[in-house]
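Fold and geometry: a report
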Amino acid sequence: MILGRCSPLWLVPKGLAMVGSSLARQTHTTENARPSSDMSEFRKAFSKAKHIAVITGAGVSAESGIPTFRGAGGLWRKWKTQDLATPEAFSRNPSRVWEFYHHRREMALAARPNAAHQALAECEARLSRQGRCVTIITQNTDELHQRAGSKHILEIHGNLFKTRCVSCGEVESNHRSPTQTPATPACEDDECNGLLRPNVVWFGETLDSDILTKVEEELGMCDLCLVVGTSSIVFPAAMFAPQVASRGVPVAEFNTETTPVTSGFTFHFQGPCGTTLPRALARHETEVI
Ligand SMILES: [Zn+2]
C-alpha cells in the first residue's frame, strides 16, 4: 500500500504531477459518472455509517480567516512561505523561521473555529454516544478542530503549538504568547539545551510514520469518508480519498470547487463548508440519542 512508505510533504512538483495525472487517467473510465449533490441521499449514507473518516484541509481554516499557506497571500515579508518552511531555512536562520511561525501562531490564536469545525465536533460527540466513531485526518496545524471540541484527530502535518527539540527529539505543547517566546527557544532539559523547532512537517520532510499507520487503519475501516476544504488533486487527499472510494465506500467532497478527481467520488457539495457541513451532519431522524 502506498502509505506504507513515508511520503514527502506535498511531494516534489514532479511527484505531484505524477499523482495528479494517474488519478486523472483513472477517472477517465468513469467520465460519465457524476457525483451526486443530493443531500437526502448523502443523509441516508450518513445515517448508516458507523465509522466516518474526515479529511480536512486549508479550506476549512480559510473560512476562519487563516490564509492558505500557498495561496496568493503566501508571502511573509519578502519571503515565499515555501522558502521558510524547510529544514534548510531553519539551519540557515532559525530565528527568522521562528519569527514566521510566531506570526502563524498569532494568526491561529486570533482565529476562531467556524461552523464547519463546530459541526464536526458536535457530530463526533453525538455519534460517540451511539457507539459510532468520527476521526478527523487533518492537514491543518492550527488546532481549530481541537478548540471546537473534536477529540479524535490525526494531524498529519504536525501542530503549530508543539515544539520538538532538534537534539533530544522531545515534543512538548507550547501555547505561550509569541511575544514572550525567545527568538530561538531552547530545550528546557538542562543537560540538553538543544534548539527547539516547530513540530510541523516541512517541505522535503517525511510524514510521521506512526501517524500514517493510524491514518491507514482509519481509511481501511471507515464506511463513509468526507473530504472537506481540500483539493483532491493535492496530497494527501489525492491518495487517501480515492483509496477509500476504490473499496466501494462512499466519499463525499465538500469544497468550493471541483477537481478532475471529483467525478470519482459519490457526492460533491459545492460551497463554503461552513454552510454545507452543518446541514450534512445534523442529527438524522433515525438517531435516537
Ligand atoms: Zn532536548
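This is a predicted model, so every value here is computed, not measured.

1. Section: the UniProt feature "binding site: substrate" (unreviewed entry) in the protein chain
Using the residue numbers shown here, the UniProt feature "binding site: substrate" (unreviewed entry) corresponds to Y101 and R104. Here Y101 lies in helix α6 (residues 94-110). Residue class for Y101 comes out buried when judged on the 22 C-beta atoms lying within 10 Å of it. Aside from chain neighbours lying at most four places away, what touches Y101 is L160 and P198. Mapped onto the elements, R104 comes out in helix α6. Classification of R104 by C-beta neighbours within 10 Å gives buried; the count is 22.

2. A closer look at the sheet that holds strand β10 (residues 251-255)
Read across the open sheet, the six strands follow the order β5-β4-β1-β9-β10-β11; overall the sheet is parallel. In the strand order of this sheet, the two ends are held by β5 (153-155) and β11 (267-270), each with one partner. Neighbour-to-neighbour, the strand axes of this sheet turn through a mean angle of 15 degrees, independent of strand direction. Relative to β10, strand β9 (residues 224-228) is paired through four bridges, and the arrangement is parallel. Note that in β10 the partner of C225 across the bridge is V251. Contacts from helix α7 (residues 115-128) reach β1 (51-56), β4 (133-138) and β9, with the element oriented near 145 degrees to β4.

About the criteria used
Residues numbered from 1 in each chain as written. Predicted model: local features only at pLDDT ≥ 70, side-chain atom pairs only at ≥ 80, totals over all residues. UniProt positions renumbered as here; feature names shortened; annotations may be inferred. Helix = DSSP H or I, 4+ residues; strand = E, 2+ residues; numbered from the N terminus. Buried ≥ 20, exposed ≤ 12 C-beta atoms within 10 Å, placed from the backbone. Contact = placed C-beta atoms within 7 Å. Pairing = 2+ DSSP bridges. Axes fitted to C-alpha atoms, helices over the stretch in contact; angles between N-to-C directions.

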